[in-house]
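Residue strings, one per chain:
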There are 2 protein chains.
Amino acid sequence: MSKVIWLGSTQLAPVPAVLAGTGNGKDFKNNLITIAWAGIVCSTPPMISISVRPERYSYEALVKLREFTVNIPLASQAATVDWCGVVSGADHDKFAEKNLTAVQGSKVAAPLVMECPLNLECKVREIVKLGSHDMFIAEIVAVQVSEEFIDSSGRLDLERCGGVLAYAHGHYFNLGKCIGHFGFSVRKKAGSVIRK
Amino acid sequence: MSKVIWLGSTQLAPVPAVLAGTGNGKDFKNNLITIAWAGIVCSTPPMISISVRPERYSYEALVKLREFTVNIPLASQAATVDWCGVVSGADHDKFAEKNLTAVQGSKVAAPLVMECPLNLECKVREIVKLGSHDMFIAEIVAVQVSEEFIDSSGRLDLERCGGVLAYAHGHYFNLGKCIGHFGFSVRKKAGSVIRK
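Just so it is clear, the model here is predicted, and its values are computed rather than measured. (Residues numbered from 1 in each chain as written. Chains lettered and ligands numbered in written order. Predicted model: local features only at pLDDT ≥ 70, side-chain atom pairs only at ≥ 80, totals over all residues. Heavy atoms only, no water.)

When helices and strands are tallied, chain A shows three helices and 13 strands. Classification of the 196 residues of chain A by burial places 56% in the buried group. Across chain A, every contact between residues at least 6 apart in sequence was considered, and the portion connecting residues at least 24 apart equals 57%. Accessible surface for chain A amounts to roughly 8,300 Å². Of this, 51% is attributable to carbon and sulfur atoms. Mean positive and mean negative side-chain charge positions of chain A (21 and 18 charges, respectively) differ by 12 Å. (Helix = DSSP H or I, 4+ residues; strand = E, 2+ residues; numbered from the N terminus. Buried < 20%, exposed > 50% of the residue type's maximum accessible area, 1.4 Å probe, protein only. Contact = heavy atoms within 4.5 Å. Areas by Shrake-Rupley, 256 points an atom, 1.4 Å probe, with all protein chains shown as cover. Lys, Arg positive; Asp, Glu negative; His and termini not counted. Charge placed at Lys NZ, Arg CZ, Asp CG, Glu CD.)

Put into structure tokens, the structure is as follows:
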């Protein structure tokens, strides 16, 4: 169990690999930016953060409009996610070139990617300058789910469709087998005696 | 491609499922808190955020000491991670009860979990109150890696050992197959003609 000590670096894993939708289809064109520096930061109200370099094409729209969407892709959409993270919206219409359908959110003007199974509509509450990146802390004001991913009990079921895309140490992954539900380590086995 | 609109909720996926190490082994005992509300927030300097409810046992140590570790578990450690997220450090010595080895960081007094392959040493730079959770924005000042996860070229190779634990919509997962490296969608195929 011996350890090697390295300099500090961004080795958290896995992280999400999502398409943030920016713009409003008018003065700021609809664009997509691939984001791995994203995380949930609060449960009530539901809040997310995404971090973006100020030199990115989407940055100005984020600062001016203070709205974005987070579009969670399937593992099968990895190539599209990767491409949207490599090219710039200054030179490309990412929706058109990847045959993605942009639809305005129900509570934000920013575009949803209809082809992604899960879409979060986000309103920026705070911008924190950190260094290479600015962090946009936003409330998730609505969620949209593709109907085919809702099971018969009305719940989200992404697993039956191959699951969502993950990112770890520079590589894309799908999710493998489900190990257990939160709390599985203390759940009583069927037929076990309950101790009081 | 029709969508159902839900209320805003914390549906980002996947997210990490990590053990944050808190305390200093003296006035604040070494403890572990399972965190899924974590993300990378800046590349330079390397920064992470973790979000913690003020009512959690670890909260006071985080605020007073302004240091923590992030211990990234393997999928095979899911039951330990789950248990550490269900019970409180007020009632349990989590290191002792799960046979985990606590070692002080190289740059922080907070305990590393030696049995986790990857450990991030973190110093809090900013605390942001958001609602149910406070977000601790921290610089990753050092990384420790278990020697057996470093390959012959000196690089981290978590994949050959089953990979890290992921969390999505209340369930734990391992990572499945690797789909590609960042940039794979635009990489030239071997033998292809380079267009100039």
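Resuming the write-up.
Along the chain, Val103 of chain A falls in strand E8 (residues 102–104). Among the residues examined, Val103 of chain A registers a relative accessible area of 33% and is labelled partly exposed.

Moving on to the interface of chain A and chain B. Each partner contributes to the interface: chain A provides 96 residues, whereas chain B provides 96 residues. For the pair chain A and chain B, the summed buried surface comes to about 8,100 Å²; carbon and sulfur atoms form 67% of the total. Where chain A meets chain B, there are zero salt bridges. Each residue belonging to the side of chain A that touches chain B can be placed in one class, and the counts come to 58 nonpolar, 29 polar and nine charged. As paired elements, strand E13 (residues 171–181) of chain A and strand E13 (residues 171–181) of chain B share seven bridges and run antiparallel to each other. Counterpart to Tyr172 of chain A in the pairing with E13 of chain B is Gly180 of chain B. (Buried area = accessible area lost by both parts, 1.4 Å probe. Salt bridge = Lys/Arg side-chain N within 4 Å of Asp/Glu carboxyl O. Nonpolar A, V, L, I, M, F, W, Y, C, P; charged D, E, K, R; others polar. Pairing = 2+ DSSP bridges.)

Under the counting rule described, the total for this entry stands at six aromatic pairs over all chains. The structure contains a cluster of three or more aromatic residues connected by ring pairs, namely Tyr167 and Tyr172 of chain A together with Phe184 of chain B. When the ring centre of Trp83 of chain A is taken as origin, the NZ or CZ atom of Lys98 of chain A, which lies over that ring, is 4.8 Å away. (Phe/Tyr/Trp six-rings, centres within 6.5 Å; stacked < 30°, edge-to-face > 60°. Lys NZ or Arg CZ within 6 Å of the ring centre and 35° of its normal.)

The subject of this paragraph is the pairing of E13 of chain B. All names here are of chain B. Relative to E13, strand E12 (residues 165–168) is paired through four bridges, and the arrangement is antiparallel. In the strand pairing of E13, Ala168 is matched with His171. In this structure, the hairpin formed by E12 and E13 is closed by a connection of two residues, where His169 is found at a positive phi of approximately 50 degrees.

This part covers the pairing of strand E11 (residues 134–146) of chain A. All names here are of chain A. Here E11 lies mainly inside the structure; 12 of its 13 residues are buried. Direction of pairing for strand E6 (residues 47–52) relative to E11: antiparallel, over a ladder of six bridges. Considered in E11, the bridge of Val52 is made with Asp134. With 11 bridges joining them, strand E10 (residues 118–129) and E11 adopt antiparallel strand pairing. For Leu118, the partnering residue across the bridge sits in E11 and is Val145.

Bringing the confidence of the model for chain A into the picture now. All names here are of chain A. When pLDDT is averaged along chain A, the result is 93; 94% of the residues meet or exceed 70. Considering only residues more than four positions removed or in separate chains, one finds that residues 191–196, a stretch of pLDDT under 50, has one contact. Two numbers describe this predicted complex: its pTM, 0.95, and its ipTM, 0.95. (pLDDT = per-residue confidence, 0-100.)

Moving on, we come to the layout of surface pockets. Over the atoms, a rolled probe matching the size of one water molecule traces out where space is still vacant. Space inside the largest pocket adds up to approximately 890 Å³. Lining the largest pocket are 40 residues, with Ala36, Trp37 and Tyr167 of chain A together with Ser43 and Phe182 of chain B sitting closest to its centre. A total of five residues in the lining of the largest pocket trace back to one element, the largest contributor, which is strand E4 (residues 31–35) of chain A. Class assignment for the residues of the lining of the largest pocket results in 19 nonpolar, 15 polar and six charged. Put simply, the second largest pocket is a space of about 580 Å³. Lining the second largest pocket we find 26 residues, and of these Phe182 of chain A together with Thr34, Ile35, Arg56 and Gly85 of chain B sit closest to its centre. Broken down by secondary-structure element, the contributors of at least two residues to the lining of the second largest pocket are strand E4 (31–35), strand E6 (47–52) and helix H2 (78–86) of chain B. Considering each element in turn, the lining of the second largest pocket owes the most residues, five residues, to E4 of chain B. Residue composition of the lining of the second largest pocket, grouped by class: 14 nonpolar, nine polar and three charged. (1 Å grid on protein atoms, 1.4 Å probe; cavity = no way out; pocket = protein on both sides within 12 Å on 5 of 7 lines; lining within 4 Å. Points joined across faces, edges and corners; volume = space filled by probe spheres on them.)

Once that is clear, we can look at a nonpolar patch on the surface. A cluster of nonpolar side chains, namely Val86 of chain A together with Phe182 and Val186 of chain B, defines an oily patch on the protein surface of about 220 Å² accessible area. Position of Phe182 of chain B relative to the elements: it lies in the segment after E13. (Patch = residues over 30% accessible without salt bridge, like charges linked within 9 Å, V, L, I, M, F, W, Y side chains within 5 Å.)

Here we come to the sheet that holds strand E12 (residues 165–168) of chain A. On the basis of which strands lie adjacent, the open sheet formed by six strands has the order E2(A)-E12(A)-E13(A)-E13(B)-E12(B)-E2(B) and antiparallel pairing. With one partner strand each, in any of the chains shown, strand E2 (15–16) of chain A together with strand E2 (15–16) of chain B form the two edges of the open sheet. Pairing geometry for E2 of chain B and E12 of chain B, over two bridges, is antiparallel. Looking at E12 of chain B, one finds that Val15 of chain B is bridged to Tyr167 of chain B.

All right, on to the pattern of salt bridges then. All names here are of chain A. Using the criterion set out here, one finds six salt bridges over all chains in the structure. A salt bridge links Arg125 to Glu139; the nearest nitrogen and oxygen atoms lie 3.0 Å apart. Taken as a pair, Arg125 in strand E10 and Glu139 in strand E11 lie far apart in primary sequence, 14 residues in all. Arg125 gets classed as partly exposed once you look at its relative accessible area, which sits at 43%. Owing to a relative accessible area of 21%, Glu139 belongs among the partly exposed residues under this scheme. Note that Lys129 is salt-bridged to Asp134, the shortest N-O span being 2.9 Å. In this structure Lys129 comes out as exposed when scored by relative accessible area, which is 61%.

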